[in-house]
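Understanding the architecture of this molecule
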Amino acid sequence: MKPRSLPELAPEQRRILVVNAKGGCGKTTLTTNLAALYASSGVDTALVDHDPQGSASQWLKARAESRPAIAGIAPWKHTADPSTTRSFQMRPAFVARRVVIDTPAALSASDFGRWLGEADRIVIPVLPSAIDIKAGARFIGDLLLDRHFRHKPLPLTVVANRVRRNTLVFQKLERFLISLRIPFVATFRDLQGYVRAAECGDGLFELPRGGDDQEWASFMDLINWIEAPASPRSIN
Ligand SMILES: Nc1ncnc2c1ncn2[C@@H]1O[C@H](COP(=O)(O)OP(=O)(O)OP(=O)(O)O)[C@@H](O)[C@H]1O
Ligand SMILES: [Mg+2]
């Protein structure tokens, strides 16, 4: 197995919004794994959970104290608490070097505007199924037309999740992304390790024999895209 370390990181803060209106496409899985990868590499990392279902917060709660720490923020927990202001709740996200942001499936346009203001990069996971590809296309179309996004266009990428390569449906997903001229930077496989890691607050690569070189390379493709300077091409 090759030695594993992250590529060189950009000096400035990066806030990564993981979003797709389609449920169950892997938003939380990707968010928690990115947070674990950054934290395991000694990077000051925060995880913002915008989903009232709280899956990312539960993952963080299950995380062993011996694991590299990740600051957790769940703004929805505090909305009814007048004693803390929003900026106070969000404080760890202002200071962390990498902030990974999980979002719910059902999202409203007003939430979206606020989240875009909190982000520097957008990552959209899509499953390779006909229904998910259709929903993903609709979501990306809505996003590109959204007035907040048009006002502040951020680099965005699509990643394919739970992929079994060389299937017809995967080829369809590839063609769809190429037709949108949106960078398609990584494919993650359908691995039982993700389910095991989710249960105990770990990232895939924190489990003994959790992830192999191929999956690591996929995460490095995504991290290289996150860390790269924004280019007009990546904005689409
Ligand atoms: N690459 C993968 N391999 C195997 N299982 C996966 C993978 N990605 C996600 N899963 C599993 O699929 C289910 C849905 O994933 P996840 O909760 O990350 O999706 P989500 O987009 O956050 O869902 P929601 O919209 O409900 O918040 C979970 O049980 C998760 O463990
Ligand atoms: Mg989720």
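Note that the structure is a prediction, hence the values are computed from the model and not measured. Each chain has its residues counted from 1, running along the sequence as written. Whichever chain is written first is A, and whichever ligand is written first is 1; the rest continue in order. This being a predicted model, a pLDDT of at least 70 is required before a residue's local features are given, and a value of 80 or more before pairs of side-chain atoms are given or counted; all residues contribute to the totals for chains, interfaces and linings.

Attention now moves to the environment of G193. Relative to the helices and strands, G193 resides in helix α10 (residues 192-199). Judged by the 18 C-beta atoms lying within 10 Å of it, G193 is partly exposed. Note: C-alpha distance between G193 and L145 (48 residues apart in sequence) is 37 Å. We call two residues in contact when their backbone-placed C-beta atoms lie within 7 Å. Setting aside its immediate chain neighbours within four residues, G193 contacts L204, L207, G210 and G211. By definition, any uninterrupted DSSP run of H or I lasting at least four residues is a helix, any uninterrupted run of E lasting at least two residues is a strand, and each is numbered from the N terminus. Counting other C-beta atoms within 10 Å of a residue's own tells you its class, since 20 or more makes it buried, 12 or fewer makes it exposed, and anything in between is partly exposed; those C-beta atoms are placed from the backbone.

Attention now moves to the pairing of strand β4 (residues 98-102). Two faces, one strand: in a regular strand the side chains alternate between the faces of the sheet. Here β4 lies mainly inside the structure; five of its five residues are buried. What you see with β4 is no split at all: R98, V100 and D102 on one side and V99 and I101 on the other are buried throughout. When DSSP finds two or more bridges between a pair of strands, those strands are recorded as paired. Pairing of strand β1 (residues 14-18) with β4 involves five bridges; the strand directions are parallel. In the sheet register, R15 faces β4, and the bridge partner there is V99. Pairing between strand β2 (residues 45-49) and β4: five bridges, direction parallel. Each bridged residue has a counterpart across the sheet, and for A46 the counterpart in β4 is V99.

On to the site of ligand 1. Think of it this way: take the backbone, place a C-beta atom on it, and check whether that atom is within 6 Å of the molecule or strand, in which case the residue is near it. For ligand 1, the set of nearby residues contains 18 residues, the closest of which are G23, K27, T28, T29 and A105. Sorting the residues of the shell around ligand 1 by element identifies α1 (27-40), β6 (156-163) and α10 as the ones contributing at least two each. Each residue receives one of three labels: charged for Asp, Glu, Lys and Arg, nonpolar for Ala, Val, Leu, Ile, Met, Phe, Trp, Tyr, Cys and Pro, and polar for the others, Gly being one of them. The residue makeup of the shell around ligand 1, split by class, is seven nonpolar, seven polar and four charged.

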